[in-house]
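# Topology and contacts: notes
Take a look at the letters that make up each chain.
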Amino acid sequence: MYTVDFRHDLNLLDVAWTGLMTEAVAHAYVEDLTGRFVREGFRTGYRLRMDFSRVAVQPQDAVLTINSRFQGFPRASRIAIVTTSGIARLQVRRLMPQPYLSIFDTADAALEWLVRDHANAA
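Source: prediction; values computed, not measured.

### So, the sheet that holds strand E1 (residues 2-7)
- Strand order in the open sheet made by the five strands is E1-E2-E3-E4-E5, with mixed pairing throughout. A single partner strand is all that each edge strand has here, and the edge strands are E1 and strand E5 (101-104). Averaged over all neighbouring strand pairs, the angle between strand axes comes to 15°, with direction disregarded.
- Running at roughly 175° to E5, helix H3 (residues 86-95) makes contact with strand E4 (78-82) and E5 of the sheet.

This is the structure in structure tokens:
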């Protein structure tokens, strides 16, 4: 249903959703991601790319589960969402109102925006 990659070289948490999540899978996803985040040594200020390009819209119960379970999760400095679905964009905007979030049509454009200025900060 998803893949997760922690890219230490870019301080990037790279997530791709590849299928529809049930509420049970949503709970497992949160547990997996939270545990791996700690084990990988990531901290507040990381960059996050969430690629939804292989799924249109997630079921509402799964999305609400994920959204509520990630309350209090360490804050990213930038969030890039990848989707071409108009409905998914509306869903993201409703549940993720962060001003440091942008939505892109392609994963490459999202990554370019996320790592802009990364070299200068390092």
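### Digging into the layout of surface pockets
- By volume, the largest pocket is sized at about 600 Å³.
- Lining of the largest pocket is provided by 31 residues; of these, Met50, Asn67, Phe70, Met96 and Gln98 occupy positions nearest its centre.
- For the lining of the largest pocket, the elements supplying multiple residues, two or more each, are strand E2 (12-17), helix H1 (23-40), strand E3 (47-51), helix H2 (60-69) and H3.
- Of the residues forming the lining of the largest pocket, the biggest block, four residues, is contributed by H3.
- Taken together, the residues that form the lining of the largest pocket break down as 24 nonpolar, six polar and one charged.

### So, the pattern of salt bridges
- Enumeration over the complete set of coordinates arrives at four salt bridges.
- Measuring nitrogen to oxygen at the nearest pair gives 3.6 Å for the salt bridge that ties Arg7 to Asp9.
- Classification of Arg7 by relative accessible area gives partly exposed; the value is 24%.
- Judged by relative accessible area, Asp9 falls into the exposed class, the value being 51%.
- For Asp14, the salt bridge is made with Arg49, and the minimal N-O distance between the two is 2.6 Å. In this pair, Asp14 sits in strand E2 while Arg49 sits in strand E3, placing the two residues 35 residues apart along the sequence.
- For Asp14, a relative accessible area of 13% translates into the label buried.
- Given the relative accessible area of 9%, Arg49 is considered buried.

Conventions used here
Residues numbered from 1 in each chain as written. Predicted model: local features only at pLDDT ≥ 70, side-chain atom pairs only at ≥ 80, totals over all residues. Heavy atoms only, no water. Pairing = 2+ DSSP bridges. Helix = DSSP H or I, 4+ residues; strand = E, 2+ residues; numbered from the N terminus. Axes fitted to C-alpha atoms, helices over the stretch in contact; angles between N-to-C directions. Contact = heavy atoms within 4.5 Å. 1 Å grid on protein atoms, 1.4 Å probe; cavity = no way out; pocket = protein on both sides within 12 Å on 5 of 7 lines; lining within 4 Å. Points joined across faces, edges and corners; volume = space filled by probe spheres on them. Nonpolar A, V, L, I, M, F, W, Y, C, P; charged D, E, K, R; others polar. Salt bridge = Lys/Arg side-chain N within 4 Å of Asp/Glu carboxyl O. Buried < 20%, exposed > 50% of the residue type's maximum accessible area, 1.4 Å probe, protein only.

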